[in-house]
Amino acid sequence: MSFLFGSRASKTFKPKKHIPEGTHQYDLMKHAAATLGSGNLRSAVMLPEGEDLNEWVAVNTVDFFNQINMLYGTITEMCTDESCPVMSAGPKYEYHWADGQTVKKPIKCSAPKYIDYLMTWVQDQLDDETLFPSKIGVPFPRNFQSNAKTILKRLFRVYAHIYHQHFSEVVQLGEEAHLNTSFKHFIFFVQEFQLIERKELAPLQELIDKLTAKDR
Amino acid sequence: EMEQQRRESRVCNLSPQAFKFYMEQHIENVMKSCEERENRRLQLEKEMKKIGLSEKDQNQMRKMLSQKESNFIRLKRAKMGKHLFRKIKTIG
Ligand SMILES: [Zn+2]
């Protein structure tokens, strides 16, 4: 992954000088910056005047879930028990599945299994009328914010896995600008409302710095 | 045996074209609905000023618009969850 994010010391993400232009690595470096012409996403994530924060977090959480589900759907054939025997985000981060409710003791499993558990768990949360009321006038539960934080924290891990283990496939499919835009929108959103702790974002911190630098 | 008890997997295959199409439309819609919402708010302010509503009535009107907007995104969320994937298939 160092080829994508530059050295740990460098915060600039400029391609390292010794990577010759035209090589695969140089291409990936360029691709890391590509986004769709997307206007001012930073202001689009802000709470609209008069809106209820829970309602705003809810609609955006469903939205990010859908995006991530579709994105992962495009690379699912390349994310197998063989290619990804553990759910990792680079060499330094490994995740074991536990939902804290039915699975309390973390399960060490392959990335596709982990992501299947994760997406199924999120879908169940979103479908639960007591957690995400869909009828007009029904209030959100008192613990809604902490629930949403857990969901977003886990969804982030799918982005982290895709960036670290499948970015070259994403480039081959020509969808890197789409991934970057989706992730940028996600990051602006969680930053705006402080929904994910900084330490959870560490696996993609340098990419986050790069994607958000221009719009600060 | 835990596997067998589980419902069918949430993750399904999707063509990159469908994902790309969705994202392009989606980002456009995000920007557009943000802008339109702000325009509705400004429009209300303009009209209230024109007819000289009392401060109390103005607040009432603002609340009504906010509630309408809020209901709208709730219905949107409910729809997004259920019909999205079928819709994508017919487009792609
Ligand atoms: Zn994988």
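Residues numbered from 1 in each chain as written. Chains lettered and ligands numbered in written order. Predicted model: local features only at pLDDT ≥ 70, side-chain atom pairs only at ≥ 80, totals over all residues. Heavy atoms only, no water.

Asker: Pulling in residues and values, what's your account of the overall build of chain B?
Answerer: Looking only at helices and strands, chain B has 3 helices and 0 strands in total. Along chain B, helices (α) and strands (β) appear in the sequence α-α-α when read from the amino end. With 92 residues in all, chain B has 27% of them scored as buried. A total of about 7000 Å² of accessible surface is found on chain B, and carbon and sulfur atoms cover 54% of it. (Helix = DSSP H or I, 4+ residues; strand = E, 2+ residues; numbered from the N terminus. Buried < 20%, exposed > 50% of the residue type's maximum accessible area, 1.4 Å probe, protein only. Areas by Shrake-Rupley, 256 points an atom, 1.4 Å probe, with all protein chains shown as cover.)

Asker: Can you lay out helix α5 (residues 111–127) of chain A for me, pointing to particular residues and giving the numbers?
Answerer: Compared with the 24 Å implied by 1.5 Å per residue over 17 residues, the 24 Å span of α5(A) between its first and last C-alpha is a close match. The buried count for α5(A) comes to 14 of 17 residues, which makes it a mostly enclosed element. (Expected span 1.5 Å × (residues − 1).)

Asker: So, helix α7 (residues 176–192) of chain A: which residues are in play, and what are the values?
Answerer: All names here are of chain A. Spanning 17 residues, α7 covers 24 Å between terminal C-alpha atoms, matching the ideal 24 Å at 1.5 Å per step. Counting buried positions along α7 yields 15 of 17 residues, so the element is predominantly enclosed. Residue Gln194 follows α7 closely and has a positive phi angle near 50 degrees.

Asker: Provide a residue-level description of the UniProt feature "binding site: Zn(2+)" (unreviewed entry) in chain A, including the pertinent values.
Answerer: All names here are of chain A. Here the UniProt feature "binding site: Zn(2+)" (unreviewed entry) sits at Cys79, Cys84, His161 and His166. On the basis of their most widely separated C-alpha atoms, the annotated residues across 88 residues gather in one place, lying no more than 9.9 Å apart. As for its placement among the helices and strands, Cys84 is situated in the loop between α4 (53–75) and β1 (87–88). Aside from chain neighbours lying at most four places away, what touches Cys84 is Cys79, Ser110, Ala111, Pro112, His161 and His166. When you line up the elements, His166 lands in helix α6 (residues 144–172). The exposure class of His166 is buried, given its relative accessible area of 1%. Excluding anything up to four places from it in sequence, His166 contacts Ile75, Met78, Cys79, Ser83, Cys84 and His161. (UniProt positions renumbered as here; feature names shortened; annotations may be inferred. Contact = heavy atoms within 4.5 Å.)

Asker: Which residues make up the pattern of salt bridges, and what are the values?
Answerer: Pairing between side chains becomes possible if they bear opposite charge and their charged atoms approach one another. One pass over the structure, following the stated rule, counts 13 salt bridges over all chains. Note that Arg77(B) is salt-bridged to Glu55(A), the shortest N-O span being 3.2 Å. You can see Arg77(B) sitting in helix α3 (residues 55–91) and its partner Glu55(A) sitting in helix α4, one on each of two chains. Owing to a relative accessible area of 5%, Glu55(A) belongs among the buried residues under this scheme. The residue Glu94(A) makes a salt bridge to Lys108(A) at a minimum N-O spacing of 3.7 Å. Here Lys108(A) lies in the loop between β2 (94–95) and α5 and Glu94(A) lies in strand β2, a separation of 14 residues in the sequence. A network of salt bridges, in which partner residues are shared, links Glu51(A), Arg37(B), Arg40(B) and Glu69(B). (Salt bridge = Lys/Arg side-chain N within 4 Å of Asp/Glu carboxyl O.)

Asker: Tell me about the interface of chain B and chain A, and please be specific about residues and values.
Answerer: Taken together, the contacts link 38 residues of chain B with 52 residues of chain A. For the interface between chain B and chain A, the tally reads 4 salt bridges. Residues Arg74(B) and Glu55(A) are paired through a salt bridge, measuring 3.1 Å at the closest nitrogen-oxygen approach. Put simply, chain B and chain A have 16 residue pairs in polar contact (both at pLDDT 80 or more) between them. Of all the elements in the fold, those that place two or more residues in the side of chain B that touches chain A are α1 (2–5), α2 (16–51) and α3 of chain B. (Polar contact = N/O pair within 3.5 Å; in protein donor to acceptor, adjacent residues only side chain to side chain.)

Asker: Tell me about the coordination of the zinc ion, and please be specific about residues and values.
Answerer: Ideal values for angles at a metal depend on the geometry: 109.5 degrees with four tetrahedral donors, 90 or 180 degrees with six octahedral donors. All names here are of chain A. The zinc ion binds to the protein through Cys79 (SG), Cys84 (SG), His161 (NE2) and His166 (NE2), with metal-donor distances spanning 2.0 to 2.3 Å. One chain supplies every donor for the zinc ion, spaced along it as C-x4-C-x76-H-x4-H. With Cys84 in the loop between α4 and β1 and His161 in helix α6, this residue pair connects regions lying 77 residues apart in the sequence. Relative accessible area serves as the criterion here: at 0%, His161 is assigned to the buried category. (Donors = N, O, S within 2.8 Å, 3.2 Å for Na, K, Ca; no water.)

Asker: Can you tell me about the packing of aromatic side chains, naming the residues and giving the values?
Answerer: Each aromatic ring pair is described using two quantities: the centre-to-centre distance and the angle formed by the ring planes. Residue and element names in this part refer to chain A. Here the structure, examined in full by the defined rule, presents 15 aromatic pairs over all chains. The interplanar angle of 40 degrees and the centroid separation of 6.3 Å between the aromatic rings of Tyr95 and Tyr114 together place this pair among those described as tilted. Residue Tyr95 is located in strand β2, and its partner Tyr114 is located in helix α5; the two are separated by 19 residues in the primary sequence. Each member of the pair, Tyr95 as well as Tyr114, carries the same accessibility label: buried. Here Trp97 and Trp121 contribute two aromatic rings whose centre-to-centre distance is 6.3 Å and whose plane-to-plane angle is 65 degrees, an arrangement assigned as edge-to-face. Placement of Trp97 in the loop between β2 and α5 and of Trp121 in helix α5 is noted, with a sequence separation of 24 residues between them. (Phe/Tyr/Trp six-rings, centres within 6.5 Å; stacked < 30°, edge-to-face > 60°.)

Asker: Could you give an account of the packing of α4(A) against α7(A), with specific residues and numbers?
Answerer: Residue and element names in this part refer to chain A. As a packed pair, α4 and α7 sit with axes 11 Å apart at the nearest point and diverge in direction by 155 degrees. Overall, the two elements α4 and α7 adopt an arrangement that is roughly antiparallel. Relative to α7, the crossing made by α4 is left-handed. Contact residues: Trp56, Val57, Asn60, Asp63, Phe64, Gln67 and Leu71 in α4; Leu179, Ser182, His185, Phe186 and Phe189 in α7. Among the residues forming the contact of α4 with α7, the class breakdown is 7 nonpolar, 4 polar and 1 charged. (Axes fitted to C-alpha atoms, helices over the stretch in contact; angles between N-to-C directions. Parallel < 35°, antiparallel > 145°, perpendicular 65-115°, else oblique. Left-handed = near helix turned anticlockwise from the far one by under 90°. Nonpolar A, V, L, I, M, F, W, Y, C, P; charged D, E, K, R; others polar.)

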